[in-house]
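Inside the fold
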Amino acid sequence: MLQIKSLKKSYTQGSQEVKIFEDLNFHVKKAQRVAIMGKSGSGKSTLLSLISGIIKPNAGDILLDEVSYKNMNESEVNDFRASNIGFVFQNFHLVSYLNALENVMLPAKVCNISNPKEKAIELLKSVGLEHRIEHLPSQLSGGEKQRVAIARALIHNPKLILADEPSGNLDEETGIAVMDKLFELIKKNNTTLILVTHSKEVAARCEDTYELSLGKLNKC
Ligand SMILES: Nc1ncnc2c1ncn2[C@@H]1O[C@H](COP(=O)(O)OP(=O)(O)OP(=O)(O)O)[C@@H](O)[C@H]1O
């Protein structure tokens, strides 16, 4: 479902070129759950940004369900990402002036899906937050915010979820509860997951774990 072919990416810093990927090849099957680990600076966030089309590779290609990003312009990539990918970040990235319900409904607006309010309420119920739908992010705990973010990531039924340290900012018990919810929902929906984590316990929930090192993904 996700194919990464001969991917090359480097950053230019002054006169220096920082090479991250020189020839990365990788594929993920539908509904597969893949964890990516690796030292700080190995390129994990860069990889997620490339997969989401937020940054462009220097060469090579990425295909999601056979659709290549190569010939899309920026607005086509943005639309494609909005329809097909859901995100869960360490810092939740909720919109501070929107309540939980409005935050969850955001991707539904962009993707024009039917009955967004009903779907958002249903998802908030499924993450145990039916009593918090009118709360602003500042009125929610860290674990509650991440559960709102999970509901938001799933409302448009994305093919792929990209998660970057989703329990990184939560205490252990809350982190486990939030990850239980994320995995329960993605299993139910057959959603493919690529999860970046420093935690072996979190990675163990995935079928496959890879370590990113020197621009290559090595199976653990
Ligand atoms: N916009 C940029 N310009 C220049 N160099 C960059 C840029 N973004 C990232 N880098 C460099 O690329 C390398 C990979 O960064 P990246 O953020 O992908 O690593 P990471 O594995 O996600 O790290 P961490 O676990 O610390 O979040 C780092 O050496 C970083 O300094």
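Look up: the structure comes first, before these words.
Remember, it's a predicted structure, so these values are computed and weren't measured experimentally. (Residues numbered from 1 in each chain as written. Predicted model: local features only at pLDDT ≥ 70, side-chain atom pairs only at ≥ 80, totals over all residues.)

A sheet is described by the order of its strands in space; here four strands give the open sequence β2-β1-β4-β5, paired in antiparallel fashion. Two strands lie at the open edges of the sheet, namely β2 (16–28) and β5 (67–68), each paired on one side alone. Taken together, the nine bridges between strand β1 (residues 2–13) and β2 define a ladder with antiparallel strand orientation. Among the inter-strand pairings, Y11 is bridged to a residue of β2, identified as V18. Along the sheet face, helix α1 (residues 44–51) touches β1, β2 and β4 (59–64) and points at about 120° away from the line of β1. (Pairing = 2+ DSSP bridges. Helix = DSSP H or I, 4+ residues; strand = E, 2+ residues; numbered from the N terminus. Contact = placed C-beta atoms within 7 Å. Axes fitted to C-alpha atoms, helices over the stretch in contact; angles between N-to-C directions.)

With respect to the helices and strands, the residue L94 is situated in the loop between β6 (85–89) and α3 (100–111). When the C-alpha positions of L94 and Q146 are compared, they lie 8.9 Å apart, and in sequence the two are 52 residues distant. Discounting chain neighbours no more than four positions away, the residues touching L94 are N103, P137, K145, V148 and A149.

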